Amino acid sequence: MSRHRRVYRTYIVPLLTEFTSQFMVTFWGSMAMKPYGNEGGTGTDKNTTTTNEETNVRSCNKEDDYLLTVFMPAFQTGLSVWMMIAVFWKISGAHFNPAISIGFLVAGILKPIMFIPYVLFQCLGSIVAAAAAKIILGENPGIIAIPDHVNTSTVFLNEFICVALLIFCALTTCADPKYDQQTGLLAVGLCVFQGILSAKWVGTVGISPSRAFGPAVIVGGKAWSRHWLFWVADLCGGAFAGVYYMLFFAPPDKCWLERIHRSPKNNTKGSGSNELDSMVHDDEEKHA
C-alpha cells in the first residue's frame, strides 16, 4: 500500500466517518424534535396556539406527553445510533460521540493522536447538521438543554451512569475481535434508548456532548445553560467505563489485571505456582 493511500485510509476516512455519522444522527434528531423559537427565548408548537419554552427542549418534564417527549426521542436516537454503527463499523468504527472516543482511547483501541481530531470532526458534523435543519425548518432546530429547575448533581450523576453503561456495552461488543453475537450492535443502540427513557424523572439527558453541541452553536441562548455538564459528565463516564472494562472484562491478552499477574515482578514461581499455571492454561485451551 502506498504512503498516500495509507494516510487516506488511516486518518482521512475515519475522520470523514466521524463527520458523516455525526451529521446524520444530529440531522435526524434535529428534524424529529420540535423546533426551538428564538423570539424571546421561546418556541411555538405549530399544531397549537400555546407557547412554551420547555416543550422545545429534549427534556422530560412530568407534565409533558410521554410519547412525544420521552419515548419517541429515545426510540429515534437509539435507532439512528444502531444504524450508524451498522453502516460504518466495518469502515472505521464510527464513534460519533466523544464519550465513546475517550472510552476507546482508554481501552487502547483509538490512537491518542486521533482523539482530538475525532472530537473536532464530530462537533463539526453536528454543527453542519443543525445548520441544515435550521435552513429546512425555517427556524431554530430543537436543542438538548438543561432546564433551570433541574439539579446539577442529578444531571451529572445520571449522565455519568448512562454514558458509562453505554460505553461499557460498546466495548464489550466491539472491542473483542472474537465477539460473534450478531445483535451486539443493536444492544448499543438499545443502551441509548434506555438511557433516554431513564431521564423521564431527571428532566434532561444528553448522552453525547457532540450531539448537543451543534444545535447549541446554531441556536445559542438557553442551549448553553450548563452545557459544560454534558462534556464533563459524559467524558468522565466514558473514561470510567474504559478503565472498568480493561481491568476486568478485556480479552486475556489485554486485561490489565491479567497482564499485571503475568508481569516478571509478580511472577515468583515455585513448583506449586507452575502446576497451577499449567492447570489454568490447559483449562483455557479446552474452552477456546
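Each value, and the rule that gives it
- Residues numbered from 1 in each chain as written.
- Predicted model: local features only at pLDDT ≥ 70, side-chain atom pairs only at ≥ 80, totals over all residues.
- Heavy atoms only, no water.
- Helix = DSSP H or I, 4+ residues; strand = E, 2+ residues; numbered from the N terminus.
- Buried < 20%, exposed > 50% of the residue type's maximum accessible area, 1.4 Å probe, protein only.
- Contact = heavy atoms within 4.5 Å.
- Disulfide = S-S within 2.5 Å.
- Salt bridge = Lys/Arg side-chain N within 4 Å of Asp/Glu carboxyl O.
- Phe/Tyr/Trp six-rings, centres within 6.5 Å; stacked < 30°, edge-to-face > 60°.
- Expected span 1.5 Å × (residues − 1).

Draft legend 1. Just the side chain of Ser21, in detail. Among the secondary structure elements, Ser21 is positioned in helix α1 (residues 3-32). Ser21 sits in the buried class, given a relative accessible area of 0%. Beyond its immediate chain neighbours, meaning those up to four positions away, Ser21 contacts Met84, Phe88, Ala94 and Phe96.

Draft legend 2. Inspection of the state of the cysteines at higher detail. All chains considered together, the criterion is met by 0 disulfides. Unpaired in this structure, Cys162 has its nearest cysteine sulfur neighbour in Cys191, at a distance of 9.6 Å.

Draft legend 3. The arrangement of the pattern of salt bridges in detail. Per the stated rule, a full pass over the model turns up 1 salt bridge. One salt bridge connects Lys222 with Asp148, and the closest N-O pair in it is separated by 3.8 Å. Of this pair, Lys222 sits in the loop between α7 (209-219) and α8 (228-248) while Asp148 sits in the loop between α4 (112-137) and α5 (152-174); the two residues are 74 residues apart in sequence, bridging distant segments of the chain. According to the relative accessible area criterion, Lys222 is buried, its value standing at 12%.

Draft legend 4. Spotlight on the packing of aromatic side chains. Throughout the structure, instances matching the rule amount to 13 aromatic pairs. With centroids separated by 6.1 Å and ring planes inclined at 10 degrees, the aromatic side chains of Phe71 and Phe75 adopt a geometry described as stacked. Here Phe71 pairs with Phe75, and both are found in helix α2 (residues 66-88), just 4 residues apart, close to one helical turn. Phe75 sits in the partly exposed class, given a relative accessible area of 40%. When the ring of Phe156 is compared with that of Phe160, the centres are 6.3 Å apart and the planes differ by 20 degrees; the resulting orientation is stacked.

Draft legend 5. Region of the structure containing unusual backbone geometry. The phi angle at Phe96 is positive, at roughly 40 degrees, despite the residue not being glycine. Locating Phe96 in the fold gives a position in the loop between α2 and α3 (98-106).

Draft legend 6. Quick peek at helix α6 (residues 184-197). Here α6 spans 20 Å end to end across 14 residues, near enough to the 20 Å set by a 1.5 Å rise per residue. Along α6, the residues classified as buried are Gly184, Val188, Gly189, Val192, Phe193, Gly195 and Ile196. Of the surrounding secondary structure, the elements contacted by the buried residues of α6 are α2 and α5.

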